[in-house]
Amino acid sequence: MSEPLKIAYSPCPNDTFVFDAWAHGRVPGAPALDVTFADIDVTNAMAERGEFDVLKVSYAVLPWVLDEYALLPAGGALGRGCGPLVLTREAGSPASLAGRTVAVPSERSTAYLLFRLWAAAEVPGGVGEVVVLPFHEIMPAVRDGKVDAGLVIHEARFTYGNYGLHCLADMGEHWEDTTGLPIPLGAIIAKRSLGAERLRELAEAARTSVRMAWDDPAASRPYVLEHAQEMDPKVADQHIGLYVNEFTAGLGENGYAAVRGLLTRAAAEGLVPPLGPDALAFV
């Protein structure tokens, strides 16, 4: 019997929902998994070091890792109406961020790329200092005046009002308005050295796992809530509803166009290295 594949993904509800059936051996014929939980900034760094067989990473990190890893066409997170938000203490306009300090969760995240593309278009002269803070520290830092604004992701869409904060801009709205495409957030990648046949097996396992979760949502409930970091169950449900959708089962033409569009625009701004012509191609 072969060794379990080493996989790392976040404890967020969308990932535990997607991988529950696979991680617990309920996907027929799928390889066994040895799961490590880590936040996306950590998994991005793992991918750059070539650690783990399979990883959930930001689409933004792909230009640095696609020589060693292949993008799987299933299991990731794209969507509409689910983009990162820029939060401030006071309501204002994008121009009010000129020269100001902004906290972000990672400089190798899709959220940061979307933010930089938005700021280049909407903030005259650009923002000031960008500081990286752990995700859970960003809203308190904005509330307490330690930074002027914060870029937030995931369930913060539903909870920022609890901190008395205002949404200055929605990066997803800007992206969708200017491209018409869904927002590429998190990707599932696997080592090319596993071989074409195994990569196809992994993609099919991810696709089957998410479909099983849709068919029987109650089955994944214990796994989701165990790792949801004291999140309100209703917020966990909203989180899953927003980030697990048809693009999770298969990227499709629009999904690939969104990923290619984001990374092409980011490369044109000098934010990421340019992609090769076949970099996103699956086996």
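Preceding this paragraph is the structure being described.
None of these values were measured; they are calculated from a predicted model.

1. Here's the deal with the state of the cysteines
With the rule as written, the count across this model stands at zero disulfides. Cys-82 carries a free sulfur, and the closest cysteine sulfur to it, the one in Cys-12, is 13 Å from it.

2. A look at the pairing of strand β3 (residues 54-58)
Within β3, five of the five residues are buried, which leaves the element mostly enclosed by the surrounding structure. Judged from the two bridges that link them, strand β1 (residues 5-9) and β3 form a sheet pairing that is parallel. Within β3, the residue paired with Ala-8 across the bridge is Leu-55.

3. Examining helix α7 (residues 171-179)
Of the residues making up α7, those classed as buried are Met-171, Gly-172, His-174, Trp-175 and Glu-176. The elements touched by buried residues of α7 are β6 (85-88), α4 (110-122), β9 (149-152), β10 (166-170), β11 (183-191) and α12 (252-268). Two to three positions downstream of the cap, the backbone nitrogen of Gly-172 sits 2.8 Å from a side-chain oxygen, assigning the N-cap of α7 to Asp-170. Following α7 by one or two positions, Gly-180 adopts a phi angle in the positive range, close to 75°.

4. Regarding the sheet that holds β10
Spatial ordering of the open sheet is given by β8-β7-β9-β6-β10, a layout of five strands whose pairing is mixed. The strands lining the two open edges of the sheet, one partner per strand, are β8 (130-132) and β10. The sheet shows a mean angle of 30° between the axes of neighbouring strands, direction not considered. The sheet contact formed by strand β7 (residues 102-104) and β8 spans three bridges and is parallel. Each bridged residue has a counterpart across the sheet, and for Val-104 the counterpart in β8 is Val-132. Along the sheet, α4 makes contact with β6, β7, β8, β9 and β10, crossing β9 at roughly 130°. Of the strands in this sheet, β6, β7 and β9 touch helix α5 (residues 135-143), which is tilted by about 150° from β9.

5. Comments concerning the nonpolar core
Formed by 57 residues in total, the largest nonpolar core has its most connected members in Leu-55, Leu-62, Val-86 and Trp-118. At eight residues, α4 tops the list of elements feeding residues into this core. Discounting chain neighbours no more than four positions away, the residues touching Leu-62 are Val-57, Leu-71, Ala-187, Ile-189, Val-259, Leu-263 and Leu-280. The next biggest cluster of nonpolar side chains, apart from the first, holds 31 residues, and it includes Val-18, Ala-70, Ala-213 and Ile-240.

6. Thoughts on the environment of Gly-126
As for its position among the elements, Gly-126 is in the loop between α4 and β8. Excluding its chain neighbours within four sequence positions, the residues that come into contact with Gly-126 are Leu-97, Ala-98 and Gly-99.

7. Some remarks on the pattern of salt bridges
Scanning the entire structure with this criterion turns up 11 salt bridges. Between Glu-68 and Lys-191 there is a salt bridge whose closest N-O contact spans 3.6 Å. Placement of the pair is Glu-68 in the loop between α3 (62-65) and β4 (69-71) and Lys-191 in strand β11, with a sequence separation of 123 residues. With relative accessibility at 38%, the residue Glu-68 sits in the partly exposed group. Two residues, Glu-176 and Arg-80, come together in a salt bridge whose shortest N-O distance is 3.5 Å. Of the two residues, Glu-176 is situated in helix α7 and Arg-80 in the loop between β5 (77-79) and β6; the sequence distance between them amounts to 96 residues.

8. Examining unusual backbone geometry
Its identity as a non-glycine residue notwithstanding, Phe-52 has a phi of 75°, on the positive side. Checked against the element boundaries, Phe-52 lands in the loop between α2 (40-48) and β3.

9. Digging into the packing of aromatic side chains
Applying the stated rule across the entire model yields six aromatic pairs. An angle of 10° between the planes, with centres 4.5 Å apart, marks the rings of Tyr-9 and Phe-19 as stacked. Of the two residues, Tyr-9 sits in strand β1 while Phe-19 sits in helix α1 (residues 13-23), which places them 10 residues apart along the sequence. Owing to a relative accessible area of 0%, Tyr-9 belongs among the buried residues under this scheme. A relative accessible area of 0% means that Phe-19 is categorised as buried.

Reading the values: the criteria
Along each chain, numbering runs from 1 in the same order as the chain's sequence is written. Per-residue local features of the predicted model are confined to residues with pLDDT of at least 70, and side-chain atom pairs are confined, for both listing and counting, to 80 or more; whole-chain, interface and lining totals are unaffected and use all residues. Neither water nor hydrogens contribute to the side-chain values; these are computed over all heavy atoms in the structure. Here, two cysteine sulfur atoms that lie within 2.5 Å of each other are counted as a disulfide. In this scheme, a residue with accessible area under 20% of its type's maximum is buried, one over 50% is exposed, and one in between is partly exposed, where area comes from a 1.4 Å probe on protein chains only. By definition, any uninterrupted DSSP run of H or I lasting at least four residues is a helix, any uninterrupted run of E lasting at least two residues is a strand, and each is numbered from the N terminus. For two strands to be treated as a pair, DSSP must find at least two bridges joining them. Whether two residues are in contact is decided by their heavy atoms: any pair within 4.5 Å suffices. Polar contact criterion, stated in full: a pair of N or O atoms within 3.5 Å, where within protein one must be able to donate a hydrogen and the other to accept it, and residues adjacent in sequence count only if both atoms are side-chain atoms. Axis angles are defined between N-to-C directions and span 0 to 180 degrees, where every axis is a line fitted to C-alpha atoms and, for a helix, only to the segment in contact. Put simply, buried Ala, Val, Leu, Ile, Met, Phe, Trp, Tyr and Cys residues joined by side-chain atoms within 4.5 Å make one nonpolar core. Salt bridge, as used here: a side-chain nitrogen of Lys or Arg that lies within 4 Å of a carboxyl oxygen of Asp or Glu. The pairing test for Phe, Tyr and Trp rings, Trp by its six-membered ring, is centres within 6.5 Å, and the orientation test on the planes gives stacked under 30 degrees, edge-to-face over 60, and tilted for anything in between.

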